[in-house]
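Observations on chain architecture
The primary structure of each chain is shown beneath.
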Amino acid sequence: MAAKKQKYYVVWEGEQPGIYTDWNTCKKQVEHFLGAKYKSFETKEEAENAFAQQWSDFIHPSKQTIKRETELKQAGNYETNAIAVDAACSGNPGKMEYQGVDLSHGGRQIFHWEYPKGTNNIGEFLAIVHGLSMLKQTNCPFILYSDSQIAISWVKQKQCKTKLARTPETEKLLDIVARAEAWLQNNTYTTEIRKWHTQLWGEIPADFGRK
């Protein structure tokens, strides 16, 4: 069986622009970056030459790229009658925490929880559900912002698609996850969940500042 041919991935616009030698690393730079520009090349020389030039000389915008750039232009400023949520993890998995802040009061913290072992995606998921539950309970018409497209997708599917193993250390957290999934399945809500545009607005106000 022939060895898989080496490819080189150029990221012109992404989390960290550069040249990458494997797709998984490249993917981390572009999958949640609005308007990402990237392309694969067969040789290192081609990749280096491309990276030194404009992306438009090598790729043509797809319909999806055009749509995403249009969304970015139309996003404008964020609403302040809103809450923002975020999570942080020391290691992944590792010690995890999530929080929500009130943008109408300058980013005042309105909830915060910690767990000894979890993942960032679980924290983002729980933060959204916690926010939805709180807004419904108080009959508050605020918008909810999250910078995690994965967590937003999980909430819409009403399922936390984590692969975190159940152990004595994670049991309490996974029980909370099950309760959050049950809440989504048994409740309706009118809160609008919006993606936070980090490129336009900077880090989400609920960010823990660990980057």
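Residues numbered from 1 in each chain as written. Predicted model: local features only at pLDDT ≥ 70, side-chain atom pairs only at ≥ 80, totals over all residues. Heavy atoms only, no water.

Concerning the sheet that holds strand S5 (residues 94–102)
Our working definition: Any two strands are treated as partners once DSSP identifies two or more bridges connecting them. In this description a helix means any DSSP run of H or I spanning at least four residues, a strand means any run of E spanning at least two, and both kinds are numbered starting from the N terminus. In this description, a line fitted to the C-alpha atoms serves as the axis of each element, helices being fitted only across the stretch in contact, and the angle between N-to-C directions of two axes falls anywhere from 0 to 180 degrees. Throughout, a residue-residue contact means that at least one pair of heavy atoms, one from each residue, lies within 4.5 Å.
Taken in spatial order, the five strands line up as S6-S5-S4-S7-S8 in an open sheet, and their pairing is mixed. Each having just a single partner strand, strand S6 (108–118) and strand S8 (193–195) make up the two edges of the open sheet. Sheet twist, expressed as the mean angle between neighbouring strand axes with direction ignored, is 20 degrees. Where strand S4 (residues 82–91) and strand S7 (residues 143–146) come together, four bridges link them in parallel fashion. Along S7, the bridge assignment pairs Val85 with Ser146. The strands touched by helix H4 (residues 120–137) are S4, S5, S6, S7 and S8; relative to S4, the strand with the most contacts, the crossing angle is about 155 degrees.

Considerations on the environment of Gly18
Rules: Here's how the labels work: a residue is buried when its accessible area is under 20% of the maximum for its type, exposed when over 50%, partly exposed in between, all with a 1.4 Å probe on protein chains only.
When you line up the elements, Gly18 lands in strand S2 (residues 18–20). Overall, Gly18 belongs to the buried group, its relative accessible area being 9%. In this structure the C-alpha to C-alpha distance between Gly18 and Phe51, which are 33 residues apart in sequence, comes to 7.3 Å. Look past the residues within four positions of Gly18 in its chain and what remains in contact with it is Tyr9, Val10, Val11 and Phe51.

Topic: the environment of Ala178
Note on placement: Ala178 falls in helix H6 (residues 171–186). A relative accessible area of 40% places Ala178 in the partly exposed class. Residues Ala178 and Cys160, 18 residues apart in the sequence, show an inter-C-alpha distance of 8.4 Å.

Some details on the packing of aromatic side chains
How we decide: Ring geometry is summarised as follows: Phe, Tyr and Trp rings, the Trp one being its six-membered ring, pair when their centres sit within 6.5 Å, and such pairs are stacked at plane angles under 30 degrees, edge-to-face over 60 and tilted between the two.
Tallied over the full model, the rule gives 13 aromatic pairs. Relative to Trp196, the ring of Tyr78 lies with its centre 4.7 Å away and its plane at 45 degrees, an arrangement referred to as tilted. Taken as a pair, Tyr78 in the loop between helix H3 (63–74) and S4 and Trp196 in the loop between S8 and helix H7 (198–201) lie far apart in primary sequence, 118 residues in all. By relative accessible area, which is 29% here, Tyr78 ends up partly exposed. For Trp196, a relative accessible area of 1% translates into the label buried. Measuring from centroid to centroid gives 5.3 Å for Tyr145 and Trp196, while their planes differ by 90 degrees, and the two rings are edge-to-face. Of this pair, Tyr145 sits in strand S7 while Trp196 is found in the loop between S8 and H7, placing the two residues 51 residues apart along the sequence.

Read these as spatial facts, not as claims about activity.
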